[in-house]
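# Structural description and commentary
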Amino acid sequence: MNTTRPRPRAILRIHFHPAERTEELYGQLLTVVEGISSRVEPLPADWSAYVDLTGALTYWGRDVEGLVAVLRLRLLALHGVQCSAGAGPTRSIAAMAADATPPGSATVVRDDPYEVAAFLRTKPAAALPGIGPKTVKTLARYGITTVGDIADTQLPTLQRILGTTAARLAHDRAHGIDERSVVPGAAPRTVSVSRRFERDELDTDRHHRAVLGLVQDLGRRLRTSGEIAQALTLTVTYADRSQTTRTRTLAESTAHTPALAATARDLLTGLGLQRARVRTLALRAERLRPAEDTVHQLTFDQRDDKLRSLETALDKATTRYGPGVAGAASTFPRAG
């Protein structure tokens, strides 16, 4: 009879916290991580990654805490970048541990039923991955406010409250069950543009004009390279060098300036930067695909066709005379 215990799983979620974010730096940080484990799943949208440390523990002859400490030290020594890290036996526990950890620290939950339960049960229901605000409000109406409450509620009862699929997910995650694995792969290609103000800028109108200028540059680069973006990320760096980052998926993959501008404007407006001293604005096109993969929704709007023709003409002018000689405010949708 084989009584060998399965090897404990060790999944790491690591967040990078550099002073300035560039695509090149993110790639360099991933290279450091891959020096510890080859099973790395990049998540460039929020400057993080999942790492499967299960096999690496034996190779390095260290426990999870020791190996995470080595990784954090390498990132700091080689690139001066602090990170926050959370490790656990599943992706969801690793993500929760990382979210609860400040930069420069690590939280490790061992693959032990008692330790997993102790970590999960006191957390608010909103901390459980896959549980959104609407589900949290629904559960709260029944007095279910913590992960422990979810774990203690019978599955049939949860199914009557949430429906079959959502109830099963919440029930499993609350008991530390999550079979999803780390999927290694290269980081999807991105394109970034940024604007650094000569002095810390308080004027929100200047913030908006700067972002619209970035959109024009970003759209032109995408069209020139024959690519379309599936999402946009806006990063704001403040006078104290702290940062705020927001990402939004586009309604349809595009390199069309008005569509990019509408999303970028919503991202900026959503940050509410009144009285904020902004040093740098950066806009990044995420998850790029070849332009021939685009599926443009057909409309009877002749204005949209005219704007696309105008874009082509402006791109040609920029290619011939250089950036900054041509622009069209009319290509941007007006704020409501």
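Above this text is the structure in question.
Residues numbered from 1 in each chain as written. Predicted model: local features only at pLDDT ≥ 70, side-chain atom pairs only at ≥ 80, totals over all residues. Heavy atoms only, no water.

## Side note on the packing of aromatic side chains
- A full pass over the atoms with the stated rule returns 3 aromatic pairs.
- Where F16 meets Y26, the ring centres are 6.1 Å apart and the plane angle is 75°; that geometry is what we call edge-to-face. Here F16 is found in strand β1 (residues 11-17), whereas its partner Y26 is found in helix α1 (residues 23-34), with 10 residues between them in sequence. Comparing F16 with Y26 shows no difference in burial state: the two are buried. (Phe/Tyr/Trp six-rings, centres within 6.5 Å; stacked < 30°, edge-to-face > 60°. Helix = DSSP H or I, 4+ residues; strand = E, 2+ residues; numbered from the N terminus. Buried < 20%, exposed > 50% of the residue type's maximum accessible area, 1.4 Å probe, protein only.)

## Remarks on the sheet that holds β1
- If you trace the 5 strands from one edge of the open sheet to the other, you get β2-β3-β1-β4-β5, paired in mixed fashion. Where the open sheet ends on each side, the last strands, each with one partner, are β2 (40-43) and β5 (106-108). This sheet shows a mean twist of 15° between the axes of neighbouring strands, independent of strand direction.
- For β2 and strand β3 (residues 48-52), the ladder comprises 4 bridges, and the chain directions are antiparallel. Counterpart to P42 in the pairing with β3 is A49.
- Packing against the sheet, helix α4 (residues 91-99) makes contact with β1, β2, β3, β4 (82-88) and β5, and its axis sits at approximately 145° to β4. (Pairing = 2+ DSSP bridges. Axes fitted to C-alpha atoms, helices over the stretch in contact; angles between N-to-C directions. Contact = heavy atoms within 4.5 Å.)

## With respect to the side chain of E41
- For E41, the position within the fold is in strand β2.
- Residue E41 is classed as buried on the basis of its relative accessible area of 14%.
- Only 2.8 Å separates the side chain of E41 from the backbone nitrogen of V183, close enough to count as a polar contact. (Polar contact = N/O pair within 3.5 Å; in protein donor to acceptor, adjacent residues only side chain to side chain.)

## With respect to the packing of helix α6 (residues 133-140) against helix α8 (residues 155-162)
- The geometry of α6 relative to α8 is characterised by a closest axis approach of 10 Å and an angle of 120° between their N-to-C directions. Viewed along their axes, α6 and α8 form a crossing whose handedness is right-handed. Here α6 contributes T135, T138 and L139 to the contact with α8, which in turn contributes L158, I161 and L162.
- Tallied by class, residues from the contact of α6 with α8 come to 4 nonpolar, 2 polar and no charged. (Left-handed = near helix turned anticlockwise from the far one by under 90°. Nonpolar A, V, L, I, M, F, W, Y, C, P; charged D, E, K, R; others polar.)

## A look at unusual backbone geometry
- One non-glycine residue, W47, adopts positive backbone phi at about 55°.
- Locating W47 in the fold gives a position in the loop between β2 and β3.
- Of note, R241 is a non-glycine position whose phi angle comes to about 75°, a positive value.
- On the secondary structure map, R241 appears in the loop between β7 (227-238) and β8 (243-254).

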